[in-house]
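# Structure at a glance
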Amino acid sequence: MSTELYLDANATSPVLPAAIDAAVAAMQACFGNPSSSHASGLRAKALLDATRGQARRVLGAASGRVLFTSGATEGIQTAVLSALCAVAERRRRGEPCGDLLVVGATEHKAVPESLAHWNRLLGAGLELRMLPVDADGRHRLEVLRELAPRAAFVCTMAANNETGVVSDLDGIARVLAETSSPALWMVDCVQALGKLPLALDRTRIDYAPFSGHKLYAPKGVGLLYVREGAPYTPLMYGGGQEAGQRSGTENMAGIAALGAVLGALEQGGTFRNHAQLLAYRDRLAATLLDAFPGLVFNAPLEHALPTTLNFSVPGISSKELLDLFDAAGVRVSAGSACSAAKAAPSYVLDAMGVPVARSASAVRLSFGPLVDDAFIDAACAQLLHCGRALAAAQPAAALQQLESHGASGWLLFDTDGRHCIAIDPPAAHAPRIAADLRARGARLLACFDTSHGAGGADALCELLDMTPGWPGGAQQVLLADGSALDAIALGQDVLAKAGDAFLLGRPDQGVLAADAVRFAFGALAPQASFGATLCCHRIGEPALSRPGAASLPDDGIDLDAAAAEAFLRAHPDALLVDVRELAEHAAAAAQVGGRAAHNVPLSQLAGQAAQWLRGAPPALVFVCRSGNRSARAARTLRRLGHAQAWHLAGGLALAG
């Protein structure tokens, strides 16, 4: 594997060495409880107070509350609870307080979810309104001007975690002042620390949460600023720590580490300045444009943090790009780490009006202010390497599987790759398929959906200016029983229509024998018998089946790294198969125990499986990045009746 290049700093950051040292020192020499009155407690209390003093100076918050929290989520919850309790109290006193909770459409999900939770739990009965953003990702101030007189609480952010877009906080403050809005105002400052100037005392901001792990402190420590005079209700009551404002024994190791980071910010010389960060971002942006022709940025750079780039490569999904970058040791993401597991389109880009096809290709690259010239040099080199790997990855297999939301479509090519038939192409893949066919100079002979298709043929044919559907009457082929079927010639093979099924095979003198049918698509009649045919399904698991073969259980397919190495040593004839896509393998070839892997992408497994299952099938050990695709490959072979199929559990990521 290549040296790791971490470019996902908006999700989290490594810990500053000085912060590690400070945390260790706090645990070893300053482990006392800061609430204790003895010498050990007093030393801890002095550390606590010194760090709070640093925070005040860095945040520009000489007045007001500065509390230590477990992170931004706790700070957000505390601010929301405080604001809603204040609104309830104002109502009881008959004071104007507004009836709207106004939250930016691109806020981190922690904010609207917290608002909805406490609004429901407290029975506040306030109406949640989303404040839209423009195409640049900035809040629409004319809409805020309409909502502000009725707003009880306004929640925006200093800079967006996905796009890096910096909010016009001065403009928001001006609207709130000009409309005499009664609203309290929270600004999520998580992405601002160390990247934007902060002078909270000179703002109208009532609440500002921060999280240490976004800027080289460990996870589990953060800050909450509360403006002098802003209402405050503790989220946590108990032992009265933090002067009764946040109970619970303080996380002294985390606070000491955060203090080291704040000290580095205050003293200067550790982190890069704004101009340096802008220069680094511009270099990365120029490299991306060189590496990936057609790449577009999803937010205007002039309105974004100097550490964040959000981009799309048309026709290539976010997952494909992330897998490619990860193979090359470049760690990026497709958006918020908190939402990534849901694999949903980016609500941030949706709110900005970014087209769905572009949003589905979006990747976020972010770095921290600790980077240096050598790091940026290495990152640019690897990005160019990834671009070359993607450009060189031209699938050559005669049968390619396309997956989208659990459904499979198929591309069939002749031996020279110049002619193609598309069966059930997923609509989401249509732009990529069209671009690939044009790049190859390949002609699409037919494009249709089977009875289980999802309408993707229409989308692809529209891009290629052709008519979807089965082109009946082109030619005929005979089965062994003498029945004639409509067929399309594909090189020396034919694709023949048999009821609701489509049979791919090689005829002999116009006759397609049962054992010459290699693949069947669609609904094959239960009584049909076509020898060694693999059935390729559109919907459901498994994507492949083998009539007449006993499906074997997939128990015991997992091999950890040590077991995989031992197995390969004991079985020199076994095949180690990398099922990552071609570009991933080209970016960094896979090895296990010094054995180089053959590359058979999962999308091409069906065609290769048909060859493996003839004669004496080899023992197979599959590998991929995380173990997910390799497990699917091993299960597929087991369900096709091949007992000697295993995979590397945890993938190359855990193999070391």
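The structure under discussion appears in the preceding block.
This text gives an overview of the structure that appears in the document.

Counting residues in each nonpolar core, the largest one holds 52 residues, and the members touching the most others are Leu59, Val102, Trp185, Phe210, Leu223 and Val261. Tallying contributions element by element places helix α7 (residues 252-267) first for this core, with eight residues. With residues near it in sequence (within four places) discarded, Trp185 still touches Phe153, Val154, Thr156, Leu169, Ile172, Ala173, Leu176, Arg204, Ile205, Asp206 and Tyr207. Membership of the second largest hydrophobic core comes to 37 residues, among which are Trp410, Phe521, Val577 and Ala606.

On the secondary structure map, Ser603 appears in the loop between β29 (598-599) and α17 (605-612). With a relative accessible area of 16%, Ser603 lands in the buried category. If sequence neighbours within four positions are ignored, Ser603 has contacts with Leu399, Gln400, Gln401 and Glu581.

Turning our attention to a nonpolar patch on the surface. Together, Val15, Ile20, Val24 and Met27 make up an exposed nonpolar region whose accessible area comes to about 310 Å². If you trace the backbone, Val24 turns up in helix α1 (residues 17-29). Look at Val24 and you get partly exposed, because its relative accessible area is 34%.

In terms of burial, strand β7 (residues 207-211) is largely enclosed, as five of its five residues are buried. Side-chain alternation along β7 places Tyr207, Pro209 and Ser211 on one buried face and Ala208 and Phe210 on a second face that is also buried.

The next point concerns helix α14 (residues 456-464). Among all positions in α14, only Gly456, Ala457, Leu460 and Cys461 are buried. The arc enclosing the buried residues of α14, seen along the axis, measures out at 125°, which places them on a common side. Check the buried side of α14 and you find it contacts β15 (419-423), α13 (430-440) and β16 (443-448). Backbone geometry just after α14 places Asp465 at a positive phi near 55°.

In this fold, Glu74 is placed in helix α3 (residues 72-93). Not counting the four nearest positions on each side in its chain, Glu74 is found in contact with Thr69, Leu235, Met236 and Arg246.

This part covers the pairing of strand β26 (residues 575-578). Of the strand pairs in this sheet, β26 and strand β30 (residues 620-623) are connected by four bridges, and their pairing is parallel. The residue bridging Asp578 from the neighbouring strand is Val623, located in β30.

All right, on to the sheet that holds strand β18 (residues 484-490) then. Strands in a sheet are paired, the pairing made by backbone hydrogen bonds, and the direction either parallel or antiparallel. The sheet built from eight strands is open, its strands ordered β21-β17-β18-β19-β20-β22-β23-β24 with mixed pairing. Because the sheet does not close on itself, it has two edges, and the strands there are β21 (511-512) and β24 (544-545). Bridge count for strand β17 (residues 475-479) against β21 is two bridges, and the pairing is parallel. Residue pairing for β21: Leu479 is matched across the bridge by Leu512.

Scoring rules and cut-offs
Residues numbered from 1 in each chain as written. Predicted model: local features only at pLDDT ≥ 70, side-chain atom pairs only at ≥ 80, totals over all residues. Heavy atoms only, no water. Core = buried A, V, L, I, M, F, W, Y, C linked by side-chain atoms within 4.5 Å. Buried < 20%, exposed > 50% of the residue type's maximum accessible area, 1.4 Å probe, protein only. Helix = DSSP H or I, 4+ residues; strand = E, 2+ residues; numbered from the N terminus. Contact = heavy atoms within 4.5 Å. Patch = residues over 30% accessible without salt bridge, like charges linked within 9 Å, V, L, I, M, F, W, Y side chains within 5 Å. Areas by Shrake-Rupley, 256 points an atom, 1.4 Å probe, with all protein chains shown as cover. Salt bridge = Lys/Arg side-chain N within 4 Å of Asp/Glu carboxyl O. Arc of directions from axis to C-beta. Pairing = 2+ DSSP bridges.

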